[in-house]
Structures are given as structure tokens and as C-alpha cells.
Amino acid sequence: MSAQPATRVLSSSQLQTLAEHGEERTAQAGETLYDIGDRSYPFIAILEGEAVILDAAGQEVVRHGPSGFLGEINLLSGQTVFLRAVATKPMRYIALDREELRKLLFEDGSLSDLFLNAFVERRELLQQRHGIGPQIIGSRDWPDTRRLLDFARAQKLPRGSIRLTRTAA
């Protein structure tokens, strides 16, 4: 079994700061907060309730409860999301769009440290899980396949699935 992403919690003053920059929203149990491939999902700080993070196969990666937050480095890099977030209980949360999150990280050093450390740690743990991220399928002998693999590693993308075939005759 692989390690789970660390769950971090926010203090009441940090939640207040986020509330000043974001929008309060609600979600019902079973509602999808973001889905695999979404390009513009918001940063989410949970005030009440709980959300589960699932991989493409529907396997649980981690759960976040009150004062927890959802997201990883793709919020800042512009990459699409590799996981699905679903409310498991009725939720009340603060949503910050990506641009507002970036501005806040420049303004608030303590939030910046907390979020960046958590985002990097979460990405590193995702890289250890098989089946999360893009699929690369190609011949092990083709230079283009090698370039794609090198690019994925350089971008620190989660492994996804890699299927290398023999060169076609």
C-alpha cells in the first residue's frame, strides 16, 4: 500500500483570510467538486463537511474534513487535475479561483509556505501511485516515446500508465 497525501488543517485566522479572498459555497453529499481533466477547478477550504479524493478507478486516495483543503500543485502550474473530489457529507466551503490563490500566496507568507509544502508533498505522493496521470503508449525504440517520457518526468507528472511496446515490423 502506498503512502497517502498528508492532510493539513487551517487555523481559524487562516480560514478567515481565505474567506476574505474567496466565495463561500455549499455542496450536497455525492456532489462532484471537481473531476479528472478539469482545467479550472478552484482551491477549496472546507468549513464544514467532508470530501473524498478518488483516482480514475474510483479508489480512495485521501479524505479531508473541516479546516482541511483540497488541491495540489496543478492549481499553480495550470495542469489539469488528475483526481476527482466528491463531497461525502453536506459541505460548506470557501472556493478561491486559481488567480486569486496566486495573488494570496504572494501576499501571505505563512499561507504560501503551508500550501506550497502541502502541494509539493501531495504531488510527490501521487507520483508514487500507479494509474494517476497521463497514459503514454508507444514503442520503446521510438525517439518520440522517449521524449514524451522525459517530458513527463521533467514536469513531475504522476506516472499514469506507461505501456511500451516492441517496435512494429
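Since we're looking at a predicted model, the values are computed, not measured.

Caption draft 1: View of the overall build of the chain. Along the backbone of the chain there are 5 helices and 8 strands. Put simply, the chain runs from its N terminus to its C terminus through helices and strands in the order α-β-β-β-β-β-α-β-α-α-β-α-β. Burial status across the chain gives 41% buried among its 169 residues. A total accessible area of about 9100 Å² is found for the chain, and carbon and sulfur atoms account for 49% of it.

Caption draft 2: Highlighting the environment of Val120. In this fold, Val120 is placed in helix α4 (residues 109–127). Sequence separation between Val120 and Asn74 is 46 residues; the distance between their C-alpha atoms is 9.8 Å.

Caption draft 3: The nonpolar core, seen in detail. Of all hydrophobic cores here, the largest spans 37 residues; its most connected members are Leu18, Leu33, Phe43 and Phe115. Counting only elements with at least two residues in this core, the list comes to α1 (12–21), β2 (32–34), β3 (43–54), β4 (60–64), β5 (69–70), β6 (84–96), α3 (98–107) and α4. Broken down by element, the residue count for this core peaks at 7 residues, all from β6. Look past the residues within four positions of Phe43 in its chain and what remains in contact with it is Leu18, Phe69, Leu70, Leu75, Ile94, Ala95, Leu96, Leu101, Phe115 and Phe119.

Reading the values: rules and limits
Residues numbered from 1 in each chain as written. Predicted model: local features only at pLDDT ≥ 70, side-chain atom pairs only at ≥ 80, totals over all residues. Heavy atoms only, no water. Helix = DSSP H or I, 4+ residues; strand = E, 2+ residues; numbered from the N terminus. Buried < 20%, exposed > 50% of the residue type's maximum accessible area, 1.4 Å probe, protein only. Areas by Shrake-Rupley, 256 points an atom, 1.4 Å probe, with all protein chains shown as cover. Core = buried A, V, L, I, M, F, W, Y, C linked by side-chain atoms within 4.5 Å. Contact = heavy atoms within 4.5 Å.

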